[in-house]
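What follows is the residue order along each chain.
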Amino acid sequence: MLQVIGDPIAHSKSPIIQTTMLDYLGLDIPYTPHLVKKGDVAQYLAFAAANQVTGFNSTMPHKEDLVPLMDELGEEVQRYGAVNTVCLRDGKWVGHNTDGDGCLESLVYSGMWPARQVVLLGAGGAARAVALRLAQAGAERIWVCNRTLSKAQQLCQLDPTGVLAPAGFDLDTLARLCSQSQLVINCTNLGMNDCPHQFEDFSFLDVLPRDAGVMDLIYYPAQTQLLQQAQARGLNTCNGLPMLVYQAIFSLEYFLNRSLPRGELAKAVFARLAQV
Ligand code: NAP
């Protein structure tokens with residue numbers, strides 16, 4: 001059995017995404033949501049071991065808490081400091097993080113990668129995985145723009161490549177950096193339903209080159225103000241849904257311990273999600 005744990009968990013799209021892929025592959029493996037409260041992940045590992053759970057995904061608030069509980073860690077977890085995929089291998093819990101790979105793959109899928117200079121908004125958990133993965137994937141400069149500058153500085157210190165540089169979140173800074181960039185990625189909560197207004201004005205998008213891309217990690221709502229404004233300017237846009245789908249595909253590859261037909265699986269999942 002496979003599971004996803006978190007709190008809240010009822011809203012998670014992981015069961016429908018993973019079940020669609022397992023069905024597509026003809027595999028009769030149940031994948032179910034499981035509510036686990038903050039602080040209860042060690043207890044959950046005991047439950048999982050006793051109940052034939054061979055792998056699980058983790059979402060808020062457990063991604064960091066799982067790191068010290070793993071028997072082994074993928075090299076990316078050692079950089080990102082967070083686990084979203086756990087597999088049982090020879091009786092050992094092995095932790096991985098597929099957010100960075102999922103984001104990179106969705107940028108490729110959307111025709112936004114490669115990009116040399118990137119403006120990345122935010123310095124939280126998602127920003128950390130995305131920034132470090134894109135630095136490793138060959139970006140020349142990634143400006144990590146955050147409201148709390150000290151958090152951007154901390155994130156950049158994790159980067160061994162020297163590609164990441166901290167920056168402010170004010171409109172003047174964003175305009176200056178966008179004039180030198182080909183890609184903007186929103187990794188903040190700004191634009192989610194409980195925080196719908198993203199920016200006072202979007203003129204920083206005016207200075208991007210015409211073939212620039214704008215990605216928002218948010219997928220609900222499907223079109224944030226940032227994406228609407230970028231689209232109105234004729235820029236290439238992508239919401240967070242492809243990242244969600246691709247990180248799930250990479251998770252399933254870890255669960256099954258083999259590579260999978262990613263394009264076919266993504267197509268099947270997008271078709272299924274369009275029906276719900
Ligand atoms: P997080 O760790 O809590 O980080 C939140 C970030 O948003 C921080 O940089 C924070 O800045 C910034 N922020 C929050 N409110 C702000 C405001 N009013 N003004 C300016 N900045 C603000 O959250 P996370 O886990 O990184 O998630 C961030 C977003 O990514 C969420 O919308 C989440 O749903 C999305 N996400 C999507 C996927 C996907 O697969 N598509 C995967 C993971 C996450 P400060 O440091 O200044 O507080």
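First, a word on scope: everything that follows refers to the structure included in this document. (Residues numbered from 1 in each chain as written. Predicted model: local features only at pLDDT ≥ 70, side-chain atom pairs only at ≥ 80, totals over all residues. Heavy atoms only, no water.)

**Details of the sheet that holds strand S8 (residues 141-145)**
In space, the 6 strands of this open sheet follow the order S9-S8-S7-S10-S11-S12, with parallel pairing throughout. Edge positions in the open sheet fall to strand S9 (164-167) and strand S12 (236-238), since each of these has one partner strand only. Between one strand axis and the next, the sheet turns through 20° on average, direction left out of account. (Pairing = 2+ DSSP bridges. Helix = DSSP H or I, 4+ residues; strand = E, 2+ residues; numbered from the N terminus. Axes fitted to C-alpha atoms, helices over the stretch in contact; angles between N-to-C directions.)

**Considering the layout of surface pockets**
Considering only enclosed or pocket space, the largest pocket measures out at about 1,700 Å³ in volume. Along the wall of the largest pocket there are 49 residues; nearest its centre are Met60, Lys63, Ala126, Asn189 and Met192. (1 Å grid on protein atoms, 1.4 Å probe; cavity = no way out; pocket = protein on both sides within 12 Å on 5 of 7 lines; lining within 4 Å. Points joined across faces, edges and corners; volume = space filled by probe spheres on them.)

**Examining the site of the ligand**
Taken together, 21 residues lie near the ligand, and Ala123, Ala126, Asn146, Arg147 and Thr148 sit nearest. Between Ala123 and the ligand, the recorded distance is 2.9 Å, taken from a backbone N or O atom to an oxygen atom. Arg147 is positioned such that a nitrogen or oxygen atom in its side chain is 2.9 Å from an oxygen atom of the ligand. In isolation the ligand has 930 Å² of accessible area, and contact with the protein removes 76% of it. Mapping the ligand onto the cavity grids shows that it belongs to the largest pocket. Elements represented by at least two residues in the shell around the ligand include exactly helix H5 (125-136) and helix H9 (241-256). Class assignment of the residues belonging to the shell around the ligand gives a composition of 11 nonpolar, 8 polar and 2 charged. (Near = heavy atom within 4 Å. Polar contact = N/O pair within 3.5 Å; in protein donor to acceptor, adjacent residues only side chain to side chain. Areas by Shrake-Rupley, 256 points an atom, 1.4 Å probe, with all protein chains shown as cover. Sits in = over half its atoms within 2 Å of the grid points. Nonpolar A, V, L, I, M, F, W, Y, C, P; charged D, E, K, R; others polar.)

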